[in-house]
Amino acid sequence: MEREEALAKIQEHRDAIDELDMRIVALLNEREGHSMAIRELKPAAGMQLFDAGREDAILERICAQNEGPIVDEKLKEIYATLLKVMKENPKR
């Protein structure tokens with residue numbers, strides 16, 4: 001493969017990553033909106049704000065659906081960070 005062809009392919013992949021990043025940000029914000037709505041409803045439902053069982057179920061579900069190349073343990077790390085950050089969101 002020639003250098004110019006390799007550089008063009010790299011740029012194609014970077015452009016695709018940039019587009020995916022924008023979609024991920026939109027999805028994360030959509031997810032947080034649902035999470036915030038649930039947080040507001042929990043007291044009226046007599047539920048605790050933190051539900052470790054729910055977090056475990058989320059991790060199980062995402063790993064069951066994971067087709068790689070990200071390995072399950074790394075996916076769990078990503079989601080554990082996501083859940084932690086969302087719990088700490090100052091807009092809550």
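Structural data are supplied above this passage.
Now for a description of the structure that goes with this document. (Residues numbered from 1 in each chain as written. Predicted model: local features only at pLDDT ≥ 70, side-chain atom pairs only at ≥ 80, totals over all residues. Heavy atoms only, no water.)

## Some thoughts on the packing of helix H2 (residues 52–65) against helix H3 (residues 72–87)
Point 1. Interaxial distance between H2 and H3 falls to 10 Å at its minimum, and their mutual angle equals 140°. For the element pair H2 and H3, the recorded crossing hand is right-handed. Taken together, the residues of H3 that come into contact with H2 (itself represented by Glu55, Ile58, Leu59, Ile62 and Cys63) are Asp72, Leu75, Lys76, Tyr79, Leu83 and Lys87.
Point 2. Here the contact of H2 with H3 is built from residues that sort into seven nonpolar, no polar and four charged. (Axes fitted to C-alpha atoms, helices over the stretch in contact; angles between N-to-C directions. Helix = DSSP H or I, 4+ residues; strand = E, 2+ residues; numbered from the N terminus. Left-handed = near helix turned anticlockwise from the far one by under 90°. Contact = heavy atoms within 4.5 Å. Nonpolar A, V, L, I, M, F, W, Y, C, P; charged D, E, K, R; others polar.)

## Quick notes on H2
Point 1. Spanning 14 residues, H2 covers 20 Å between terminal C-alpha atoms, matching the ideal 20 Å at 1.5 Å per step.
Point 2. Within the span of H2, buried status applies to Glu55, Ile58, Leu59, Ile62 and Cys63. Summarising the axial view, the buried residues of H2 lie within an arc of 125°, below the 170-degree limit, and thus occupy one face. For H2, the exposed residues lying more than 90 degrees away from the buried face are Glu60, Ala64 and Gln65.
Point 3. Each element contacted by the buried residues of H2 is listed here: helix H1 (3–41) and H3.
Point 4. Sitting at the head of H2, Asp51 places a side-chain oxygen 3.1 Å from the backbone nitrogen of Gly53. (Expected span 1.5 Å × (residues − 1). Buried < 20%, exposed > 50% of the residue type's maximum accessible area, 1.4 Å probe, protein only. Arc of directions from axis to C-beta. Polar contact = N/O pair within 3.5 Å; in protein donor to acceptor, adjacent residues only side chain to side chain.)

## Quick look at the side chain of Glu55
Point 1. Relative to the elements of secondary structure, Glu55 occurs in helix H2.
Point 2. In this structure Glu55 comes out as buried when scored by relative accessible area, which is 18%.
Point 3. A polar contact of 3.0 Å, which involves the side chain of Glu55, links it to the side chain of Lys87.
Point 4. Once residues lying within four places of it in the same chain are set aside, the contact partners of Glu55 are Phe50, Leu83 and Lys87.

## Section: the nonpolar core
Point 1. Grouped together as the largest cluster of nonpolar side chains are six residues: Ile58, Leu59, Ile62, Cys63, Leu75 and Leu83.
Point 2. Elements represented by at least two residues in this core include exactly H2 and H3.
Point 3. The element that contributes the greatest number of residues to this core is H2, accounting for four residues.
Point 4. The contact partners of Leu59, leaving out residues within four places of it in the chain, are Lys76 and Tyr79. (Core = buried A, V, L, I, M, F, W, Y, C linked by side-chain atoms within 4.5 Å.)

## Remarks on the side chain of Glu32
Point 1. Residue placement: Glu32 occurs in helix H1.
Point 2. A distance of 2.8 Å separates a polar atom in the side chain of Glu32 from a polar atom in the side chain of Asn89.

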